[in-house]
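# Results of the structural survey
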Amino acid sequence: MNATLEATRTERAWAVLDAVPDPEVPAISVRELGIVREVLDHGASLEIVLTPTYSGCPATEVIEQSVCEAIDAAGLGPARVTMRRAPAWTTDWISEDGRRKLRDYGIAPPGPTADGSAPIRIVGRRAEAVACPRCGSAHTERLSAFGSTACKALYRCVACKEPFEHFKPI
Amino acid sequence: MQASIQLPTDPLLQYLLRIGDTCLILGQRLGEWCGHAPIIEEDIALTNMALDLIGQARGVLTLAGDQCPQDYHEDQLAFLRDERDYLNPTLVELPRGDFAFTVLRNAMVATWLKLLWERLRDSSDAELAAIAGKALKEARYHQQHAADWAVRLGDGTDESRRRCEAALARLWLYTPELFEDDAIDAAARASGLGPAASELREPWLAEMREILDAATLAPPAETTFRSSGRRGVHSEHMGYILSEMQYLQRAFPGGAW
């Protein structure tokens, strides 16, 4: 066996994780979502290090389970998942492929995150410009600050009249 | 019936419980709005914020449980303590009231928690610092949302303003407790676990004044009344919310689905 031509176990695991969908936003994989921090080969087992998205995200446990099942099914297991909270996950870690797939799915991807230490602006705040994932118009308005999952808000495109979801930058 | 668990009286553990219980009890109160909010967007918002708070409570209570010699699980801490062992400030256990009351309380608590999480990012406990790094992002969003509504309702119709003024007059009575230091705060500050309560008072007042100014509301005068939930001495409302939360685990020990 030529080691330089054969993908290593961890490389193969990364490829598997590229096909494990996020349970709440199945258009993108957990790898594209940017929650996979590391894959560690311990010989007897494979350790997948994940960073949770939101403190209360109910998908976290499902993700753990589907990651383990996918690695085991690919014959790379046994796998175990460990959680790493710091540094906190940010939407800046969503890959370019992930952003494109979100848009194709009808979800406006997050813009760059704002300065997390800036004071909250109460008056005179300009709404964040979010382009419609369907027609591309920047003429959109927010309907709801919160949406069907912790990570999204609801918008409407004034140009094409379609409602859409926006992945909140955090 | 499942018996209550007993906790060691370690001030650093109690410091964690004050934080975790604040998130847990306010999360429960916000969850009560599910199906009852005035508009569907707010039904979604309040339950989403409840979910964030429950997630934060889980993180902090898991950490607290690890520090007990009995190595308690987060669920044991959430569901099997007696009322006096919950250390949240009274403010968060008050019944949810009307929407103005919920909005103004959320503005107060989110502002307070945001300032607390900011400081806890530098905690001597790496796990608490990690929880804070995540929770801070959520608290900022909650504060923004609550402040937007406070302005809309305070500077709104005669009716919305009347309700905001009534809610503010009642809620303000319970805020001095958030900033009163005791031996638990002293121990947390000395060990580097987190700030003493009083350290957050000035920045909290400054941010609340800004929100209330924008809402054309005035902060009420301070009174001599002091609530005492952080010492485990709660209002009459605490027993009711705990009985609702604990019923299942008490009646069916270890029940899961």
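None of the values given here were measured: they were computed from a predicted structure.

## Some details on the nonpolar core
In terms of nonpolar packing, the biggest core is built from 115 residues, with A:Val67, B:Val103, B:Leu104, B:Ala107 and B:Ala150 touching the most fellow members. Here this core takes 14 residues from helix H4 (residues 99-120) of chain B, the largest share from any one element. Domain assignment of the residues forming this core places at least three in each of domain 1 (9-89) and domain 2 (107-167) of chain A. Ignoring any residue separated from it by four or fewer positions in sequence, one finds B:Leu104 in contact with B:Ala150, B:Cys164, B:Ala167, B:Leu168 and B:Leu171.

## Focus: the domain arrangement of chain A
Residue and element names in this part refer to chain A. The domains assigned to chain A are domain 1 (9-89) and domain 2 (107-167). Computed over C-alpha atoms, the centres of domain 1 and domain 2 are 28 Å apart. On the side of domain 2, four residues touch domain 1, which itself brings six residues to the contact. Class assignment of the residues belonging to the side of domain 1 that touches domain 2 gives a composition of three nonpolar, two polar and one charged.

## Let's talk about the sheet that holds strand S1 (residues 36-41) of chain A
Residue and element names in this part refer to chain A. The strand order across the open sheet formed by three strands is S1-S2-S3, and the pairing between neighbours is mixed. For this open sheet the edge positions go to S1 and strand S3 (79-83), each flanked by a neighbour on one side alone. Across the sheet, the axes of successive neighbouring strands diverge by a mean angle of 20°, strand direction being ignored. Pairing analysis gives five bridges linking strand S2 (residues 46-50) to S3, with the strands arranged parallel. Across the sheet, the residue bridging to Leu50 is Met83, located in S3. Each of S1 and S2 is contacted by helix H1 (residues 9-17), which is oriented at about 145° to S1, the strand it contacts most. Contacting S2 and S3, helix H2 (residues 59-73) runs over the sheet at an angle of about 150° to S3.

## Some remarks on the sheet that holds strand S6 (residues 152-157) of chain A
Residues and elements named next belong to chain A. Pairing in this open sheet of four strands is mixed, and the strands run S4-S7-S6-S5 from one edge to the other. Edge positions in the sheet fall to strand S4 (107-108) and strand S5 (140-144), since each of these pairs with one other strand and no more. By the bridge criterion, five bridges tie S6 to strand S7 (residues 163-167) in an arrangement that is antiparallel. From the neighbouring strand, Tyr155 faces S7, where its bridge partner is Phe164.

## Let's talk about helix H9 (residues 237-251) of chain B
Each α-helix winds once per 3.6 residues, and so residues spaced three or four apart point in a common direction. All names here are of chain B. Taking 1.5 Å per residue as the helical rise, H9 with its 15 residues ought to reach 21 Å, and the 21 Å between its terminal C-alpha atoms agrees with that figure. A maximum bend of about 45° is found in H9 at Met245. Residues of H9 that are buried include every one of Met238, Ile241 and Leu242, and no others. Those residues of H9 hidden inside the fold are in contact with helix H1 (11-31).

## Looking at the packing of H4(B) against helix H5 (residues 126-154) of chain B
All names here are of chain B. Contact pair H4 / H5: the axes reach a minimum separation of 7 Å and the direction vectors enclose 150°. Comparing the axis directions of H4 and H5 gives the class roughly antiparallel. Between H4 and H5 lies a crossing of left-handed hand. Residues that form the contact of H4 with H5 fall into these classes: 19 nonpolar, four polar and three charged.

## Concerning helix H2 (residues 40-66) of chain B
The end-to-end C-alpha separation of H2(B) is 39 Å, in line with the 39 Å expected for 27 residues at 1.5 Å each. With 19 of 27 residues buried, H2(B) is to be regarded as a mostly interior element.

## Re the packing of H4(B) against helix H6 (residues 158-172) of chain B
All names here are of chain B. At a minimum axis distance of 8 Å, the contact between H4 and H6 shows a crossing angle of 50°. Between H4 and H6, the interaxial angle falls into the category oblique. Here H4 runs over H6; the crossing is right-handed. Across the interface between the two elements, Ala100, Phe101, Leu104, Arg105 and Met108 of H4 pack against Ser160, Arg163, Cys164, Ala167, Leu168 and Leu171 of H6. Looking at the contact of H4 with H6 residue by residue, the class counts come to eight nonpolar, one polar and two charged.

## Structural notes on unusual backbone geometry
In the segment running from A:Gly77 into A:Pro78, the intervening peptide bond is cis, with an omega of 0°. Along the chain, A:Pro78 falls in the loop between H2 and S3. In the segment running from A:Ala86 into A:Pro87, the intervening peptide bond is cis, with an omega of -5°. Along the chain, A:Pro87 falls in the loop between S3 and helix H3 (96-105). The phi angle at B:Asp71 is positive, at roughly 50°, despite the residue not being glycine. Tracing the sequence through the fold places B:Asp71 in the loop between H2 and helix H3 (74-79). Positive phi, normally seen in glycine, also occurs at B:Thr216, with a value near 55°. If you trace the backbone, B:Thr216 turns up in the loop between helix H8 (201-214) and H9. Taking the C-beta count within 10 Å as the criterion, B:Thr216 has 12 such neighbours and is therefore assigned exposed.

Parameters and conventions
- Residues numbered from 1 in each chain as written.
- Chains lettered and ligands numbered in written order.
- Predicted model: local features only at pLDDT ≥ 70, side-chain atom pairs only at ≥ 80, totals over all residues.
- Core = buried A, V, L, I, M, F, W, Y, C linked by C-beta atoms within 7 Å.
- Buried ≥ 20, exposed ≤ 12 C-beta atoms within 10 Å, placed from the backbone.
- Helix = DSSP H or I, 4+ residues; strand = E, 2+ residues; numbered from the N terminus.
- Domains from an automatic or database assignment.
- Contact = placed C-beta atoms within 7 Å.
- Nonpolar A, V, L, I, M, F, W, Y, C, P; charged D, E, K, R; others polar.
- Pairing = 2+ DSSP bridges.
- Axes fitted to C-alpha atoms, helices over the stretch in contact; angles between N-to-C directions.
- Expected span 1.5 Å × (residues − 1).
- Bend = angle between axes of the 7 residues up to and from the residue.
- Parallel < 35°, antiparallel > 145°, perpendicular 65-115°, else oblique.
- Left-handed = near helix turned anticlockwise from the far one by under 90°.

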